[in-house]
Amino acid sequence: METDTIAAVATPAGEGGIAVIRVSGPEAVSIVDQLYKGKKKLAEVETHTVHYGHVVHPRTEERIDEVLVTVMRAPRTFTREDVVEVSCHGGMVPVQKTLEALFAAGARLAEPGEFTKRAFLNGRIDLSQAEAVIDLIRSKTDRAAKIALSQAEGRLSRLINKLRSEILETLAHLAVNVDYPEYDAEEMTSQFLEERCRYISSQIEKLLSTAKQGKIYREGIQTAIIGRPNVGKSSLMNALTQENKAIVTDIPGTTRDVIEEYVNVRGIPLRLLDTAGIRETEDVVEKIGVERSRQALQQADLVLLVLNFAEPLAEEDRRLLELIGRHTAVVIVNKMDLPGQLDLEEVKQLIGDKPLITTSLKEERGIEDLEEAISQLFHLGKMDMGEGTYVSNARHIHLLNQAKESVDEVIQGIEAGMPLDMVEIDLKNAWQYLGEVIGDAVAEDLIDQIFSQFCLGK
Ligand code: GDP
Ligand code: ZN
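Criteria and cut-off values
Residues numbered from 1 in each chain as written. Chains lettered and ligands numbered in written order. Predicted model: local features only at pLDDT ≥ 70, side-chain atom pairs only at ≥ 80, totals over all residues. Helix = DSSP H or I, 4+ residues; strand = E, 2+ residues; numbered from the N terminus. Buried ≥ 20, exposed ≤ 12 C-beta atoms within 10 Å, placed from the backbone. UniProt positions renumbered as here; feature names shortened; annotations may be inferred. Contact = placed C-beta atoms within 7 Å.

Caption draft 1: Spatial organisation of the environment of His398. Summarising the element assignment, His398 is placed in helix α13 (residues 394-415). His398 gets classed as partly exposed once you count the C-beta atoms within 10 Å, which come to 13. It is 9.4 Å that separates the C-alpha atoms of His398 and Val437, two residues lying 39 residues apart in sequence.

Below, the structure is given as structure tokens:
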């Protein structure tokens, strides 16, 4: 049990005009009272009220800043402890001095994630909600933030709890049967049990199938831009990023290094990799680039293959078109502003049902079409955020897989005619694994590890 009082800046550094310092713990009110000068002592004010005043150093009496102080007494607070928030006028100097004054008055600097950790330890949030707070801090797009938020609101926890009580109920049935075999309901029970387990297994499967979607939102769609030198890969990357971070040049093969860039295409986060043209060459530097291109293709969720309209289809183009066969890909015919040498019909035949987009990156035409094709490919435009519960945390995915395996073992056991008390243990394991997702029965060191990922002040 932690009983000391902690303090930290709760707003991002260097942003906005106001910085909030959060103080939490049994001495929160009395500690802030030592440096706060206002109409009333904070010890006398109502809970959940805001007060204007000044912060003065408790020992030197130096006046530090004009502040607003919010007093929130336990248990209706984020940490379920007494919480006082001091809104300073910002600028790092008054914030730093106010913090120092708080330490002088007996608070200590909060460790990263310690506020959230206390909220967890005091039962205010469960572990999956706490982890969602981490994801929220790190999330890269609005949608990712929404997933993290709905998880933080307990959506995943509710589903897990539902599944757990389903299992518990089934276990209860099983216990009755095992304890009172004279009811002779063995046949019926195993049938009932198998149905139940199939249902539970399918529910876990459903949750797991959202994991891929969740990963896409959280980490971005790994996108490889490939094509022969000089077709317009860097130009495409620039068009998508609308910045000029990648190197664009007239000399073939000059994009030596793989450059990474995040872009947001209609709410879908793309992680763009610009690679050197895939091509066998004597040039050593180029070879490294080619090797990277192949690797990039292996890891890519999406491949953008660029062809040049101003040149006939080259042997390398054909090899690249073959190479993208199994991948999710869009073929882009660029330089449409130049006289055509490329047979578009032939390309269409080679790519089957993959989308073909024509562009002139020089004249900034066709980019909208490309973005539309990408969002169609991932069907994300149509996805209803209200319905999806996205599992996107690696630890959760691992536990859900283990839970599903255990349930499936029950099913196999029943089918193999194993006695019911033998399969019971697997069902109990499934219940345990699901519990670990929401932090029921997790090891102390795991808790520490998870909370150490937080930013300071959260
Ligand atoms: P990369 O080697 O595949 O990355 O190709 P770049 O993006 O570096 O482009 C090679 C050259 O083609 C540059 O001079 C670009 O300005 C030019 N280029 C790119 N797109 C177009 C286009 O649509 N039309 C024309 N005419 N030139 C283009
Ligand atoms: Zn390039």
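Caption draft 2: Quick peek at unusual backbone geometry. In this model, Ala74 is joined to Pro75 through a cis peptide bond whose omega is 5°. Mapped onto the elements of the fold, Pro75 is located in the loop between β5 (63-72) and β6 (83-88). Backbone geometry at His48 places phi at a positive 55°, although glycine is not the residue there. Position of His48 relative to the elements: it lies in the loop between β3 (36-38) and β4 (49-56). When the 12 C-beta atoms within 10 Å are taken as the criterion, His48 is described as exposed.

Caption draft 3: Structural view of the UniProt feature "binding site: Mg(2+)" (unreviewed entry) in the chain. The UniProt record marks Ser234 and Thr255 with the feature "binding site: Mg(2+)" (unreviewed entry), using the residue numbering of this structure. Overall, Ser234 belongs to the buried group, with 22 C-beta atoms counted inside 10 Å.

Caption draft 4: Structural view of the UniProt feature "binding site: (6S)-5-formyl-5,6,7,8-tetrahydrofolate" (unreviewed entry) in the chain. According to UniProt, the feature "binding site: (6S)-5-formyl-5,6,7,8-tetrahydrofolate" (unreviewed entry) maps to Arg22, Glu85, Arg124 and Lys458 in the numbering used here. Positionally, Arg22 belongs in strand β2 (residues 19-24). Residue class for Arg22 comes out buried when judged on the 23 C-beta atoms lying within 10 Å of it. Judged by local crowding, Glu85 falls into the buried class, with 21 C-beta atoms found within 10 Å. Apart from the residues lying within four places of it in its own chain, the contact partners of Glu85 are Val20, Ile21, Arg22 and Thr70.

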